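Here is how the chains run, residue by residue.
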Amino acid sequence: MRDGALAGGAAGPAALRPLLGAVLGALSRGAVERGGPLPEGGPEAVAARLRAAVGAVLPEQGAGAREALEVLVGAVARGAADPAEPLCAAHLHCPPLAVAAAADLAVSALNPSLDSWDQAPAASEVEALVCRELARLVFPGAGPRPSADAPGEAGSPQAGPDALVTTGGTEANQLGLLLARERQAAAGGRARVVCGANAHHSVHRSAWLLGLEPPQVVPAPRGVLDPAALEAALGGLARADAGARALVVATAGTTDTGAVDPLPRVAEVVRRHGAWLHVDAAYGGPLLFSAALRELLAGLEEADSVTFDLHKLGWQPVAAGFLAVPERAALQVLDHRADYLNADDDTEAGLPDLLGRSLRTTRRPDVLKVAVTLRALGRAGMARLVERTCAAAWELADRVARDGRFELYARPTVSTVVFRPAGGDDALVARVRRQLLERGQVVLGRAAVEGRLWWKVTVLNPAVRGSDLAALLKLVAEAAGVDSRGQGEGPVEGSPVAEAGEGVGA
């Protein structure tokens, strides 16, 4: 049973060790052979090379575990868009920490499933601990702090903030809307989603999936929700439809520009109208780790539910999403019974009921890598990574602002830098991005903002250096065919880098 050896049990580590060597070797060779942020040649060339390397997907006779790992892992590594490469910066797609990836291996080997306690005795408790701690990060003043010394009292894990683990922002946003829909229905109303024009596409899809009317879209000038327009929309909704109960979705870190809605003013409007407030902080949420940056999310604690990802600005392998609520009782609407997983008599006998912790049944304990990372780095270590990453984005924005070849959209709020060629048109922006992709030189994003197309650099690599930022702009300028002009020295006056007195390393 050599190639069919199991990963778990006492013998599992011995079976895994040589295979891990093959995987690590293939990853290393693949990165060297790729030689950049992504493979050159474009989709057809990448697909052809992969097909040639893989050959038969289901051969009659197997080639053996080591050969299979070397060939397939090597082919995927050679053909990867690797976010650990500084010039791979298009999306909210972070380079995972080594410690998190190592922890994820343990999950694959043990293979717990979080749909019943008897499949994940320890992993389920890790999830409970981490979820409560992250929820407390979002809602620091909500409810009593859990106490292991008084399990039956107000300070028990049954009270106070809590969170659910999700696959990411899309699932968490859907859950947030679901909680609001059920609360509004229990009050005799009908939920109506109201969101900014800057809201993530998953808000619209979630409304459709939940059988709600299409969201009422409120203007978001300069990429942020307009509180005055929200006030008018909620007032108009109340007058036009007495049975509707507004479910407002705000954003803390938009996908296109990283903008944060004016949360205190939005929360004030929402409370005045008795609406539910869900904040999509899938991107911006980890700013909470930093004492220096958490004020950017002031007002987040006023929300009824918050989406929060750690596979964006948290350096976790996908998936590591959360939905946080200020009071655990809000999650009770997800309670569900399946006798083989959470029979009433088992629950009464003390077996934890896990089925109401997700809309999924079989569920991987993605929380372990998060728990390991938080223990390894602590709040201070996470804060340093967040601050270093944001500082790199601010430095890139300064470089763009003082370079006459480019036009900067706005200074980054989080770590997204949006810019375009000075005097260039949308066709040039699109062509340059695709050209750099085909050459395998730079992975740039694109953002349609205020009627124009822009390049987007989403800085998520805390190890990026000033020389990397300079190289990115040089390659973009060369592809765009613009010459070197108007390049000043030093941070722009008033920029975060200038105020901090330092940037990223050279």
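Structure shown above.
Residues numbered from 1 in each chain as written. Predicted model: local features only at pLDDT ≥ 70, side-chain atom pairs only at ≥ 80, totals over all residues. Heavy atoms only, no water.

### Observations concerning the overall build of the protein chain
Counting its secondary structure elements, the protein chain contains 15 helices and eleven strands. Computed over the C-alpha atoms, the radius of gyration of the protein chain is 24 Å, within 12% of the 23 Å expected from 2.2 N^0.38 for a compact globule of 506 residues. Taking all 506 residues of the protein chain together, the buried fraction comes to 49%. Partitioning the intrachain contacts of the protein chain with sequence separation of at least 6 by distance along the chain shows that 71% fall at a separation of at least 24. By element, 55% of the accessible surface of the protein chain is carried by carbon and sulfur atoms, the whole surface being about 22,900 Å². (Helix = DSSP H or I, 4+ residues; strand = E, 2+ residues; numbered from the N terminus. Rg over C-alpha atoms; globule rule 2.2 N^0.38 Å. Buried < 20%, exposed > 50% of the residue type's maximum accessible area, 1.4 Å probe, protein only. Contact = heavy atoms within 4.5 Å. Areas by Shrake-Rupley, 256 points an atom, 1.4 Å probe, with all protein chains shown as cover.)

### So, the packing of aromatic side chains
Per the counting criterion, the structure on display carries four aromatic pairs. Considering the side-chain rings of Phe 406 and Trp 455, the 6.4 Å spacing of their centres and the 80° angle between planes classify their relative orientation as edge-to-face. In this pair, Phe 406 is assigned in strand S8 (residues 406-408) and Trp 455 in strand S11 (residues 452-458), connecting sequence segments 49 residues apart. We note that Phe 406, like Trp 455, is buried. In this structure an aromatic cluster arises from ring pairing among Phe 406, Phe 419 and Trp 455. Across the ring face of Tyr 409, the terminal group of Arg 222 is positioned such that the distance to the ring centre comes to 4.2 Å. Here the basic side chain of Arg 420 rests over the ring of Trp 454, its NZ or CZ set 5.5 Å away from the ring centre. (Phe/Tyr/Trp six-rings, centres within 6.5 Å; stacked < 30°, edge-to-face > 60°. Lys NZ or Arg CZ within 6 Å of the ring centre and 35° of its normal.)

### Thoughts on the side chain of Thr 251
Note that Thr 251 resides in strand S4 (residues 244-251). Residue classification places Thr 251 among the buried positions, given a relative accessible area of 3%. Here Thr 251 is in contact with Asn 198, Ala 199, Ala 259, Val 260, Asp 261 and Asp 280, once residues within four sequence places are set aside.

### Considering the state of the cysteines
In the structure shown here, the tally under the stated rule is zero disulfides. Cysteine Cys 390 remains unbridged, with the sulfur of Cys 94 as its closest cysteine sulfur at 14 Å. (Disulfide = S-S within 2.5 Å.)

### Observations regarding the sheet that holds strand S1 (residues 162-166)
Spatial ordering of the open sheet is given by S1-S7-S6-S5-S4-S2-S3, a layout of seven strands whose pairing is mixed. With one partner strand each, in any of the chains shown, S1 and strand S3 (216-218) form the two edges of the open sheet. The average undirected angle you get between the axes of adjacent strands in this sheet is 25°. As judged from the five bridges shared by S1 and strand S7 (residues 321-325), these two strands associate in the antiparallel manner. Note that in S7 the partner of Asp 162 across the bridge is Val 325. (Pairing = 2+ DSSP bridges. Axes fitted to C-alpha atoms, helices over the stretch in contact; angles between N-to-C directions.)

Honestly, that's just the spatial picture; any functional story needs more than this.
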